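# An overview of the molecular structure
In case you want the letters, here they are:
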Amino acid sequence: MGLFRQIITFPARQPLAFGLGFSCFKTALADLLVQKYIERRTDVDWKRNGAFGLFGLLYLGGVQYALYVPVFRRLFPHAESFATKSLSAKLKDTAGQITMVKQVFLDQCIHHPFMYFPTFYAMKEIVQGGKLEDASKKYKANFKEDVLALWKLWVPATIVNFTFMPMWGRIPFVATTSLFWTCILSYMRGNDVVILEKPFPADAIGNQGHAFRMAFSKRAKLKPSKNYLVVTSCGDSRSALTKLSKELAENGNIVRSSAMFVSGQIIVTMVVEACPELVPRVVETLENFQGCQVAINKMIAATHDDDRFECSLHVCGMDRPGILSEVSDFLDAKDIRVESFIQDQIIRQADGNIPVQGAQTEDEEHFIFSLRLVLSSEHNLDLGMLQTALDTFGKTRGLGLTLYPKTEDGKPAAGVWL
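This report concerns the structure included in the present document. (Residues numbered from 1 in each chain as written. Predicted model: local features only at pLDDT ≥ 70, side-chain atom pairs only at ≥ 80, totals over all residues. Heavy atoms only, no water.)

## Examining unusual backbone geometry
To keep it simple, the criterion reads: Only DSSP runs of H or I with at least four residues qualify as helices, and only runs of E with at least two residues qualify as strands; both kinds are numbered from the N terminus onward. Buried residues are those whose accessible area, probed at 1.4 Å on protein chains only, stays under 20% of the maximum for their type, while exposed residues exceed 50% and partly exposed ones sit between those limits.
Backbone geometry places aspartate 335, a non-glycine residue, at a positive phi of 60°. If you trace the backbone, aspartate 335 turns up in the loop between α13 (323-333) and β6 (336-349). Classification of aspartate 335 by relative accessible area gives partly exposed; the value is 43%.

And the structure:
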């Protein structure tokens, strides 16, 4: 047998060896392509790439071969003969068609959701030094999105595989098709954020960190038929919040609000919705209100769509004057809009969770600047390039800046600190 013939017949003669090698190579290649050309990384994450390669070698090449060939051959003894028939014969073979549907169901509704994805998340966490508990959390959090993305590509691909491919050709077909799937999986899950038991920002500043999640829910749009007043109140919480919101509810509705507690006083900002004919009553209520300072800042119109969130950004570092201005200038220069943000100054010991440079003693207190923003843009944001620019920006200023992308439903990706 000549060398060329040995090469072209190798998949049929050694399907397991070919499946192992090809699956390892194409899975690592797909992740590398995503990192270099989609995420535009300057430095390749080789641990992540190794996790994909190992997953391709052991699971895609090994486990799937055992499932698709010996296991399916025993479960569906007539599947191999059905695959070798002509198309016209297949169309007349009802029993063979039913067998094909059973194989697709077993593969896509049992094997992939409950074996493939748990193995993927577990192997990725182990290779990258994570915990199996974190793998389980990511698997559960991403289950619906992962399975729906899987079915869009793999249900039709599996129908073709189990209808036309001989047993030895099933793994090569899966390996070739999964080059595209691995690119999708790498893009979706390659950069999953580590899940923390107590996310730092919420732990550092209290319930504001958890409340900030609301910014990623599906926000109701302002109604063109209504008027909106921006109201600020300052005083004790009983007057500036409880009493004032109760009186405003008589003629209007508070549709957006935020608050902060400073030196015994609560400062509340509210967007009050009212019918045009009721606006004078709302203004009269505010002007005559007793118990705290109240200001009407501006009447706004519903002319823009506020629900255009792209990502969130966390900034932290040793506090000093000018950080907020520097970050704002950076974002303005890139035409990125700040939808909302929370900024605070945190006291953290030198041995705390945030790295502190220049500590003099272990007991010395340091003031940490913490800023969390929701960002959007009129243009498509290349988050990979933006993160690289943020890294460069932060290194020259002693800041850590981390982007977190949104998911399809507008919420933070699984494990995000918000």
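Still more ground to cover, so stick around.
## Section: the environment of alanine 389
What counts, and what does not: Residues are treated as being in contact if the distance between any of their heavy atoms lies within 4.5 Å.
As for its placement among the helices and strands, alanine 389 is situated in helix α14 (residues 383-395). Looking at alanine 389, the relative accessible area reads 22%, which means it is partly exposed. Sequence-wise, alanine 389 and phenylalanine 330 are 59 residues apart; in three dimensions their C-alpha atoms are separated by 9.6 Å. For alanine 389, the residues in contact, after removing those within four places along its chain, are Phe330 and Lys334.

## Here's the deal with the pattern of salt bridges
Defined as follows: One side-chain nitrogen of Lys or Arg within 4 Å of one carboxyl oxygen of Asp or Glu is enough to make a salt bridge.
Inspection of every chain in the model, using the stated rule, returns 8 salt bridges. In this structure, glutamate 326 and arginine 320 form a salt bridge, with 2.9 Å as the shortest nitrogen-oxygen distance. Between glutamate 326 and arginine 397 there is a salt bridge, with the nearest N and O atoms lying 3.6 Å from each other. Of this pair, glutamate 326 sits in helix α13 while arginine 397 sits in the loop between α14 and β8 (399-405), and the two are 71 residues apart along the sequence. For glutamate 326, a relative accessible area of 25% puts it in the partly exposed group. A single network of salt bridges, built from pairs that share partners, joins Arg320, Glu326 and Arg397.

## Observations regarding the environment of alanine 135
Tracing the backbone shows alanine 135 in helix α7 (residues 132-164). On the basis of relative accessibility, which here comes to 4%, the residue alanine 135 falls in the buried class. Linking alanine 135 and threonine 119, residues 16 residues apart in sequence, is a C-alpha distance of 9.1 Å. If we skip the residues at most four places from it in the chain, alanine 135 touches Tyr121, Ala122 and Glu125.

## Brief notes about the sheet that holds strand β3 (residues 265-274)
Backbone hydrogen bonds are what pair the strands of a sheet, in a parallel or an antiparallel way. This is how the line gets drawn: Each pair of strands is called paired provided DSSP finds at least two bridges between the two strands. Simply put, an axis is a line fit to the C-alpha atoms, just over the touching stretch for a helix, and the angle between two N-to-C directions goes from 0 to 180 degrees.
Ordered by their spatial adjacency, 4 strands build an open sheet running β2-β3-β1-β4, and the pairing between neighbours is antiparallel. The sheet is open, and its two edges are formed by β2 (253-262) and β4 (293-300), each paired on a single side. Between one strand axis and the next, the sheet turns by 15° as a mean value, whatever way the strands run. Examined bridge by bridge, strand β1 (residues 227-235) and β4 share 7 bridges and lie antiparallel to one another. Within β4, the residue paired with valine 230 across the bridge is lysine 298. Sitting on the sheet, helix α11 (residues 237-248) is in contact with β1, β2, β3 and β4, with an inclination near 10° to β3.

## Points about the pairing of β3
Taking burial as the measure, the 10 residues of β3 include 7 buried ones, the bulk of the element. Where β2 and β3 come together, 9 bridges link them in antiparallel fashion. Bridging across to β3, serine 258 finds its partner in threonine 269. Hairpin remark: β2 followed by β3, antiparallel, with 2 residues in the connecting loop; positive phi at serine 263, about 50°.

## Topic: the side chain of threonine 177
Where we set the bar: Counted as a polar contact is a pair of N or O atoms within 3.5 Å, where, for protein atoms, one must be capable of donating a hydrogen and the other of accepting one, and residues adjacent in sequence contribute only when both atoms are in side chains.
Mapped onto the secondary structure, threonine 177 falls in helix α8 (residues 170-189). A relative accessible area of 14% means that threonine 177 is categorised as buried. A polar side-chain atom of threonine 177 sits 2.9 Å from the main-chain carbonyl oxygen of phenylalanine 173. Setting aside residues up to four positions removed in sequence, threonine 177 forms contacts with Leu153, Trp154 and Ala157.

## Some details on the packing of α13 against α14
The description of two helices packed together rests on the angle between their axes and the distance between the axes. Inclusion rule: Each crossing gets its handedness from the near helix: less than a right angle anticlockwise from the far helix is left-handed, clockwise is right-handed. Ten residues, namely Ala, Val, Leu, Ile, Met, Phe, Trp, Tyr, Cys and Pro, are considered nonpolar, four, namely Asp, Glu, Lys and Arg, are considered charged, and the remaining ones, Gly among them, are considered polar.
Put simply, α13 and α14 touch, their axes get as near as 12 Å, and they point 145° apart. At the point where α13 passes α14, the crossing takes the right-handed sense. Every residue of α14 that contacts α13 at Glu326, Val327 and Phe330 is listed here: Leu386, Ala389, Leu390 and Phe393. Counted by class, the contact of α13 with α14 contains 6 nonpolar, no polar and 1 charged residues.

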